[in-house]
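Residues per chain are reported as follows:
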Amino acid sequence: MAAEAGEEEEEAARESAARPAAGPALWRLPEELLLLICSYLDMRALGRLAQVCRWLRRFTSCDLLWRRIARASLNSGFTRLGTDLQMPWMQLEDDSLYISQANFILAYQFRPDGASLNRRPLGVFAGHDEDVCHFVLANSHIISAGGDGKIGVHKIHSTFTVKYSAHEQEVNCVDCKGGIIVSGSRDRTAKVWPLASGQLGQCLHTIQTEDRVWSIAISPLLSSFVTGTACCGHFSPLRIWDLNSGQLMTHLGSDFPPGAGVLDVMYESPFTLLSCGYDTYVRYWDLRTSVRKCVMEWEEPHDSTLYCLQTDGNHLLATGSSYYGVVRLWDRRQRACLHAFPLTSTPLSSPVYCLRLTTKHLYAALSYNLHVLDFQNP
C-alpha cells in the first residue's frame, strides 16, 4: 500500500510539472520559440512568470534564460539589490559601500576580495518620500538629497535621522564639509545649511542661480563652493560662490553652448577641479592660471552625455556615459581614451550614474545593477 501511494504521488508531481493541456495559445508553441521569447525578459519578469504555474516555474529555471542575466554583472558578486536601483548614487568608506535604492540608502560590507559584497545590508537609512537623488558621507553622518525637496541627516552608527524641507522642487545634489551643507535644486536655487544638531534646517544663505542646479561641490579650503547648472541661460554653467556670504565670486569658461549642463563636478585640490556633462566633454580647470578657459579637455568619442567622473588624484580618469553603460578610462596626459568597458550587453540600456575608484577596483552603478572592475584580475 505504501509503495502504491508513493507511485501515485510521483505521478501527480509529473502531471503538475507537465505542460498544461489547456491555456493560452502561447503555451503550445515549441519550447525553442518560448525560450527565444523569454530571452527578452528581465529578472523581475522571469520571476513573475515563474509564479503562474508549476510548469512555467520549471521552464523559466532553464540555465539558458539566466545565463544572459548573470553575464550582465562584472565580478560584482550580485547583479542587483532586490529591485531596480532607479538613479543610484554611491559612496565608499573603509570596508563598506553605501548605495541608494529608490528612497532608501543601504550600507553593505565588502567581502575580503573587495570585489563582492555581503548580501545582507549592514544598515538601511530611510526618511525620504521620493527617490534619493544624491548623498554624501561626512562626520559620521549621511547627508541625503531627495526628490521630495528635503534634505535628510542620518547618523551612521545610530538610529538618529532628521529630514527637513529644503527646496520647492527635488534636491539634485548636496555636499558637506567642515560642518556646512550646500544643496542645489531644480527650483533654481542653491542653499547653505549648518550641520550642527541644534541648527539643522536653518538656512544660512539662499542663492538664486537662475538655472537648475545639477551638481555642487565645496572647496577643500572651505571658503567657497561651485555649482554646475543646466546652462539654459546666458551665463556659464560653472560658477563659484563665497561660502560665508553667498555672493558670486567668479564663473568658469566662456564658450559653453546652450544646454551644456554640468552633471558632475569635483575638486581635486583647492585650485583644481574637473567637470563633465551634457556637452560630452570632461574639462580640467586650474584657478591659478585662468578661469576663462580650461587647461585640458577630453571628448567622449561617441558623442554621449557624461553623467559622472572619478580620478585617482594622479593620471587615471574614469568617466560614465549615458548610452549602453560605457565606462571609459583615460590617461590624463593623453587626449585619446585608453579603454572602454560597455557594461550593458543586453537590450537593457542604462547610463552610468555613479563611479567610485580605489587602488584595486572601479565600481559603477547603473539603473538595474552594480558592476565592479578588478584591476588585479582584468
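Residues numbered from 1 in each chain as written. Predicted model: local features only at pLDDT ≥ 70, side-chain atom pairs only at ≥ 80, totals over all residues. Heavy atoms only, no water.

This next bit is on the confidence of the model for the protein. Interpretation of this model should avoid reading the predicted coordinates in detail wherever pLDDT is low. Within the protein, residue pLDDT values average 85, and 87% of them lie at 70 or more. Here residues 1-6 scores under 50 on pLDDT; set against residues more than four positions off or in separate chains, the count is zero contacts. In the model, residues 73-84 has pLDDT below 50 throughout and makes 39 contacts with residues more than four positions away in sequence or in other chains. (pLDDT = per-residue confidence, 0-100. Contact = heavy atoms within 4.5 Å.)

Turning next to the packing of aromatic side chains. One pass over the structure, following the stated rule, counts seven aromatic pairs. Plain terms: the ring middles of Tyr-323 and Tyr-324 are 6.5 Å apart, the flat faces sit at 50° to each other, and that makes the pair tilted. Take Tyr-323: its relative accessible area is 51%, and that puts it in the exposed class. On the basis of relative accessibility, which here comes to 52%, the residue Tyr-324 falls in the exposed class. Note that Lys-155 overlies the ring of Phe-160, its terminal NZ or CZ placed 5.3 Å from the centroid. Sitting over the face of the ring of Tyr-284, Arg-332 holds its NZ or CZ atom 4.9 Å from the ring centroid. (Phe/Tyr/Trp six-rings, centres within 6.5 Å; stacked < 30°, edge-to-face > 60°. Buried < 20%, exposed > 50% of the residue type's maximum accessible area, 1.4 Å probe, protein only. Lys NZ or Arg CZ within 6 Å of the ring centre and 35° of its normal.)

Let us look at the sheet that holds strand β13 (residues 213-218). Strand order in the open sheet formed by four strands is β13-β14-β15-β16, with antiparallel pairing between adjacent strands. For this open sheet the edge positions go to β13 and β16 (248-252), each flanked by a neighbour on one side alone. Each strand of the sheet is rotated relative to its neighbour by a mean of 20°, with strand direction disregarded. Strand direction decides the pairing type here: strand β14 (residues 224-229) and strand β15 (residues 238-242), joined by five bridges, are antiparallel. Counted as the bridge partner of Ser-224 is Asp-242 from β15. (Pairing = 2+ DSSP bridges. Helix = DSSP H or I, 4+ residues; strand = E, 2+ residues; numbered from the N terminus. Axes fitted to C-alpha atoms, helices over the stretch in contact; angles between N-to-C directions.)

Evaluated as defined, the whole model comprises nine salt bridges. Here Asp-175 ties to Lys-177 by a salt bridge, and the two come within 3.3 Å at their closest N and O atoms. Here Asp-175 falls in the buried class, since its relative accessible area comes to 8%. Since its relative accessible area comes to 32%, Lys-177 is described here as partly exposed. (Salt bridge = Lys/Arg side-chain N within 4 Å of Asp/Glu carboxyl O.)

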